[in-house]
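Residue-level structure breakdown
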Amino acid sequence: MGEPKVVEEKVRNKKVVAKDYISGNPKETDMYLTTSSTISLKLPSDLSNSVLVKNLYLSCDPFMRGTKISDRNRLFNTFAPDAVITGYGVCKVLDSSHPNFKSGDLVWGVTKWEEYSVLTSTDSLFKIEHTDVPLSYYTGLLGMPGMTAYVGFYEVGTPKKGDYVFISSAFGAVGQLVGQLAKLMGCYVVGSAGSNEKVEILKNKFGFDAAFNYKEEYDLDATLKRYFPEGIDIYFENVGGDMLEAALLNMRRRGRIVRIEAFTVFDYYHLYSEFLDTMMPYIREGKVSYVEAIVEGLENGPTALEGIFTGRNPGKQVILVAQE
Ligand SMILES: NC(=O)c1ccc[n+]([C@@H]2O[C@H](COP(=O)([O-])OP(=O)(O)OC[C@H]3O[C@@H](n4cnc5c(N)ncnc54)[C@H](OP(=O)(O)O)[C@@H]3O)[C@@H](O)[C@H]2O)c1
């Protein structure tokens, strides 16, 4: 008689897969759901420096749009033919062959749109130390978009008390936080957003001094003159186009434009623990609020992703895949 055979346990692994590369904004029809594959809940013994994770929350972010052909070999592509969608998420480590991670750890970083993932690249994974806030916050307020707001405002914008600050796409994950950080610093803050509902939340929940619906304004230069009769010190620029042109006409001397595409948050991740030291007290003391739109189930991911490119999302768009 030989050794008893160990039967490896495999589970079904639901996934959202891209049909092909895309150009422009993703549409629901660019993706499909599959439940045909299975996965072992143990890492293969010959796979080093990797983690097997259970995905809990997945994030819909504006960078998840099509890339130019020349960019297709960048760090990761959200869309590639018949490949699982790649994006940010919050996960629980189930098995690890990496010295920095162990089973049971909660992490956020780049993962895949499926129930379980083997992540062989762990460079972008951060261990979650504070769990007295909703875990979904690590896709936004306490994750990559929050860090973008923090470094964009403090490091690039170099704000000071009393500055006149204008934020476009102010209701987005980045804009929500920039506006509140600016208020906490004692700035005068105005935001623009794409619906009256969003405008009301900016004023009443996030404490912006003023906000307007850019879709109802026909002369953005005149609009900005109305809100900033003395001009703008910092323009936190999320959209480009007509709004940027109008802002340029209204900048004060020595004004700063934080162009979101002109810096990359990846260059500032060494400031992550400093960022948490600032943010955690603000959240615990109720000085910073946050609005999320959470949909349940991977199957609703494609519609949710399409929605952020049409402004349909009533908050930072997150997908709940599984409870911890
Ligand atoms: N540099 C970096 O390292 C870095 C890192 C993270 C994010 N970013 C950039 O920061 C910006 C904000 O990110 P976020 O996460 O806060 O995203 P976001 O603002 O939540 O993006 C979605 C919002 O953009 C607005 N929008 C959608 N289509 C638009 C269009 N055609 N024209 C104008 N606005 C449109 C919509 O809001 P309305 O209804 O208000 O129009 C929508 O809710 C994005 O441009 C993103 O790419 C850069």
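If you're wondering where the values come from, they're calculated on a predicted model, not measured in any experiment.

Within the protein chain, the regular secondary structure consists of seven helices and 16 strands. In terms of overall size, the protein chain behaves like a compact globule, its C-alpha atoms giving a radius of gyration of 21 Å where 324 residues would be expected to give roughly 20 Å. Summarising its shape, the C-alpha atoms of the protein chain cover approximately 90 × 40 × 35 Å along the three principal directions. In the protein chain, which comprises 324 residues, the proportion classed as buried is 39%. Residue pairs at least 24 apart in sequence account for 65% of intrachain contacts in the protein chain once pairs closer than 6 positions are excluded.

A separate point is the site of the ligand. Close contacts around the ligand come from 26 residues, with G172, V174, G194, V265 and G311 the closest. Looking at side-chain class alone, the shell around the ligand contains 14 nonpolar, 10 polar and two charged residues. Residues lining the shell around the ligand come from more than one domain, with at least three contributed by each of domain 1 (11–140 + 291–320) and domain 2 (144–262).

This brings us to the packing of helix α4 (residues 220–227) against helix α5 (residues 241–248). Interaxial distance between α4 and α5 falls to 8 Å at its minimum, and their mutual angle equals 50 degrees. When the interaxial angle is binned, α4 and α5 end up oblique. Crossing of α4 against α5: the hand is right-handed. Mapping the contact onto sequence places L220, D221 and L224 in α4 and D242, M243, A246 and A247 in α5. The class makeup of the residues in the contact of α4 with α5 is five nonpolar, no polar and two charged.

In terms of residue burial, strand β7 (residues 106–112) counts as a mostly covered element, since five of its seven residues are buried. Pairing analysis gives two bridges linking β7 to strand β9 (residues 126–127), with the strands arranged antiparallel. The partner of W108 across the bridge, within β9, is F126.

Here we take up unusual backbone geometry. The phi dihedral of D82 is positive, around 55 degrees, even though this residue is not glycine. Considering the arrangement of structural elements, one finds D82 in the loop between β5 (51–59) and β6 (86–96). One non-glycine residue with positive phi stands out, namely R254, at about 60 degrees. For R254, the location among the structural elements is in strand β14 (residues 251–259).

In terms of nonpolar packing, the biggest core is built from 82 residues, with Y57, V165, F166, V178, L202, A211 and F236 touching the most fellow members. Viewed by domain, this core spans two of them, domain 1 (11–140 + 291–320) and domain 2 (144–262), each represented by three or more residues. When neighbours within four sequence positions are excluded, A211 is seen to be in contact with A170, V190, G191, S192, A193, V199, L202 and K203.

Attention shifts here to the domain arrangement of the protein chain. Annotation of the protein chain at the domain level lists domain 1 (11–140 + 291–320) and domain 2 (144–262). Taking only C-alpha atoms, the centre of domain 1 and the centre of domain 2 are 30 Å apart. With five residues of domain 1 in contact, the opposing surface of domain 2 contributes nine residues. For the side of domain 1 that touches domain 2, the per-class residue count stands at two nonpolar, two polar and one charged.

A word on helix α6 (residues 272–284). The end-to-end C-alpha distance of α6 is 18 Å, a good match for the 18 Å that 13 residues give at a rise of 1.5 Å each. Looking one or two places after α6, you find G286, whose phi comes out positive at around 75 degrees.

Taken in spatial order, the five strands make up an open sheet running β12-β11-β10-β13-β14, and their pairing is parallel. The sheet is open, and its two edges are formed by β12 (210–213) and β14, each paired on a single side. Strand-to-strand twist of the sheet, defined as the mean angle between neighbouring strand axes without regard to direction, takes the value 15 degrees. The strands touched by helix α3 (residues 196–204) are β11 (188–193) and β12; relative to β12, the strand with the most contacts, the crossing angle is about 175 degrees.

Analysis parameters
Residues numbered from 1 in each chain as written. Predicted model: local features only at pLDDT ≥ 70, side-chain atom pairs only at ≥ 80, totals over all residues. Helix = DSSP H or I, 4+ residues; strand = E, 2+ residues; numbered from the N terminus. Rg over C-alpha atoms; globule rule 2.2 N^0.38 Å. Buried ≥ 20, exposed ≤ 12 C-beta atoms within 10 Å, placed from the backbone. Contact = placed C-beta atoms within 7 Å. Near = placed C-beta within 6 Å. Nonpolar A, V, L, I, M, F, W, Y, C, P; charged D, E, K, R; others polar. Domains from an automatic or database assignment. Axes fitted to C-alpha atoms, helices over the stretch in contact; angles between N-to-C directions. Parallel < 35°, antiparallel > 145°, perpendicular 65-115°, else oblique. Left-handed = near helix turned anticlockwise from the far one by under 90°. Pairing = 2+ DSSP bridges. Core = buried A, V, L, I, M, F, W, Y, C linked by C-beta atoms within 7 Å. Expected span 1.5 Å × (residues − 1).

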